[in-house]
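Summary of structural features
Read off the chains here:
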Amino acid sequence: MNFGSAFPRVAGILIAFTPTSPLQPFSALSEQNTRPPKSLAELDERITEPSPGVVETLRGIDGDIMVAGAGGKMGFHLCVMLRRGIDSLGKTSRVVAVSRFGDAATREAFADRSIETIPADLTAPAAVRKLPEASALFFLAGKKFGTSDSPETLRVFNEEMPALVAERFASIPIVAFSTGCVYPFTTPASGGSKETDPVGPVGAYAVSCLGRETAFIESSRSNGTPLALIRLNYSVDLRYGVLVDLAVKVLAGEPVDLEMGFLNCIWQGDALDHSVRSLDHAAVAPDHCVMNVTGPRVLSIRQTAERFAEHFGKKVSFRGEEAETAWLSDAEKSHRLFGPPRVSEERLVEWVADWVGQGRPLLGKPTHFEVRDGNY
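Residues numbered from 1 in each chain as written. Predicted model: local features only at pLDDT ≥ 70, side-chain atom pairs only at ≥ 80, totals over all residues. Heavy atoms only, no water.

Structural notes on the overall build of the chain
A tally of regular secondary structure across the chain gives 12 helices and 15 strands. A burial count over the chain gives 55% of its 376 residues as buried. In the chain, the proportion of contacts linking residues at least 24 apart, taken out of those at least 6 apart, comes to 81%. For the chain, the exposed area adds up to about 14,900 Å²; of that, 51% sits on carbon and sulfur atoms. (Helix = DSSP H or I, 4+ residues; strand = E, 2+ residues; numbered from the N terminus. Buried < 20%, exposed > 50% of the residue type's maximum accessible area, 1.4 Å probe, protein only. Contact = heavy atoms within 4.5 Å. Areas by Shrake-Rupley, 256 points an atom, 1.4 Å probe, with all protein chains shown as cover.)

So, helix α3 (residues 75-88)
Here α3 contains 14 residues, and its C-alpha end-to-end distance of 20 Å stays within 8% of the 20 Å for a straight helix at 1.5 Å per residue. All of the buried residues in α3 are Gly75, His77, Leu78, Cys79, Val80, Met81, Leu82, Arg83, Gly85 and Ile86. Following α3 by one or two positions, Gly90 has its phi on the positive side, about 75°. (Expected span 1.5 Å × (residues − 1).)

So, the packing of helix α8 (residues 242-252) against helix α12 (residues 345-357)
Between α8 and α12, whose axes approach to 10 Å, the crossing angle comes to 45°. In terms of axis orientation, α8 runs oblique to α12. In terms of crossing hand, the pair formed by α8 and α12 is right-handed. Together, Leu243, Val244, Ala247, Val248 and Leu251 of α8 and Leu348, Val349, Val352 and Val356 of α12 make up the contact between the two elements. (Axes fitted to C-alpha atoms, helices over the stretch in contact; angles between N-to-C directions. Parallel < 35°, antiparallel > 145°, perpendicular 65-115°, else oblique. Left-handed = near helix turned anticlockwise from the far one by under 90°.)

Quick look at the pattern of salt bridges
Opposite charge on two side chains lets them pair, provided their charged atoms get close. One pass over the full model with this rule turns up 25 salt bridges. For Arg168, the salt bridge goes to Glu133, with nearest N and O atoms at 3.0 Å. Here the residue Arg168 occupies a position in helix α6 (residues 151-168), and Glu133 occupies one in the loop between α5 (125-129) and β6 (136-139), the gap between them amounting to 35 residues. Note on Glu133: relative accessible area 55%, which makes it exposed. Linking Arg319 and Asp257 is a salt bridge whose minimum nitrogen-to-oxygen distance equals 2.7 Å. Taken together, the positions of Arg319 in strand β15 (residues 318-319) and Asp257 in strand β10 (residues 256-257) put the pair 62 residues apart, joining distant regions of the chain. (Salt bridge = Lys/Arg side-chain N within 4 Å of Asp/Glu carboxyl O.)

Regarding the sheet that holds strand β13 (residues 290-293)
A sheet is described by the order of its strands in space; here 7 strands give the open sequence β5-β4-β3-β6-β7-β8-β13, paired in parallel fashion. Unpaired on one side and paired on the other, β5 (116-119) and β13 mark the two borders of the sheet. Strand-to-strand twist in this sheet, taken as the mean axis angle between neighbours without regard to direction, amounts to 20°. When strand β3 (residues 65-68) meets strand β4 (residues 95-99), the two strands line up parallel, connected through 4 bridges. Counted as the bridge partner of Met66 is Val96 from β4. (Pairing = 2+ DSSP bridges.)

Regarding the nonpolar core
In this structure, Leu82, Phe138, Leu243, Phe308 and Val352 are the most contacted members of the largest nonpolar core, which totals 74 residues. Among the elements that line this core, the one with the most residues is α12, at 7 residues. When near neighbours in sequence (up to four residues on either side) are disregarded, Phe138 contacts Ile65, Met66, Val67, Ala68, Leu78, Leu82, Val175, Phe177, Ser275, Val276 and Leu279. The next biggest cluster of nonpolar side chains, apart from the first, holds 28 residues, and it includes Met161, Ala166, Phe169 and Ile217. (Core = buried A, V, L, I, M, F, W, Y, C linked by side-chain atoms within 4.5 Å.)

Things to note about the packing of helix α10 (residues 301-312) against α12
The description of two packed helices rests on the angle between their axes and on the distance between the axes. At a closest axis distance of 10 Å, the pairing of α10 and α12 adopts a crossing angle of 50°. Between α10 and α12, the angle is such that the two are oblique. The interaxial crossing formed by α10 with α12 has right-handed handedness. Residues Thr304, Arg307, Phe308, His311 and Phe312 of α10 touch α12, and the partners they reach there are Val349, Glu350, Val352, Ala353, Asp354, Val356 and Gly357. When grouped by side-chain class, the residues that make up the contact of α10 with α12 number 6 nonpolar, 3 polar and 3 charged. (Nonpolar A, V, L, I, M, F, W, Y, C, P; charged D, E, K, R; others polar.)

As for the confidence of the model for the chain
Chain-level pLDDT for the chain is 89 on average; 89% of the residues reach the 70-or-more range. Of the regions scoring below 50 in pLDDT, residues 1-32 engages in 65 contacts with residues more than four places distant in sequence or in other chains. (pLDDT = per-residue confidence, 0-100.)

Printed below as a string of structure tokens:
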């Protein structure tokens, strides 16, 4: 099925505009910061730079901030952004990173940025009870991959663990990360699911993520906890993410799967920016605590892959045909509150192409974005 005629093209990439999210200029970025990051150090620095909006949010928090599940792909960058924002205000509040921390090198990276670490198993009630007090909590913990044959693992990590943490920190505002996969599939022409749309998770993982949301919402209702639920899809750090998966396949000459033919994505720095600032809008009412975080446009997998092929001077081959639907979210609410992402999808594609094409380090953790049955 050919959707190409339905939407305008920008730099060879199909872009669908939602009615409330028009194309935005790049004025929020300095000219220096429009060029691709060239090293890991520069990548970390760009992602973790706190915007004035993040600094203002942190100005309103008196006390320490805890990040639970900080050992995952976004946790380190979130902790560093918080640390930099707090330091810019001259505050001495701690940023405390909680994770299993299986190796010393990971903890050292946090310590090098003046972030305190606590090794803890968040599935253990005793360990959760021992965690120190804080003034705000970001919750990133959970389990996704390797769970297709283990519903018990999903239940423990994505439902029981959030309930433990929610009750332990019921007296402080919480930002809990979820996923846009709790929505049903929708068409590109729809612009994506809004926060007020009915959920309809597909597959065991998405069902468990809805269970995570339920755990936090029920605790919020019972205890009056201000809550922000971040439905994210998909964050891109130049070392991993859907765009990186596509670029790697094109560069290697591997066929690109088309069945999941469309996506939203957002630069990790912008995803963290909007997530931190959602603290200002944390609410007890479940109808108001959900926040979609993604970019304003719908990208075509086919045309994005072709753009990477042009950059690499390669031919690209495809497997299958585009389904009429995909997991797509409308992030008009977060863009209205926080402004559009500072890095557009077009620029992000350029950055990924440069990073992958130059052979810079990758995490080697595929997103398995093409999976449509929701089992990972």
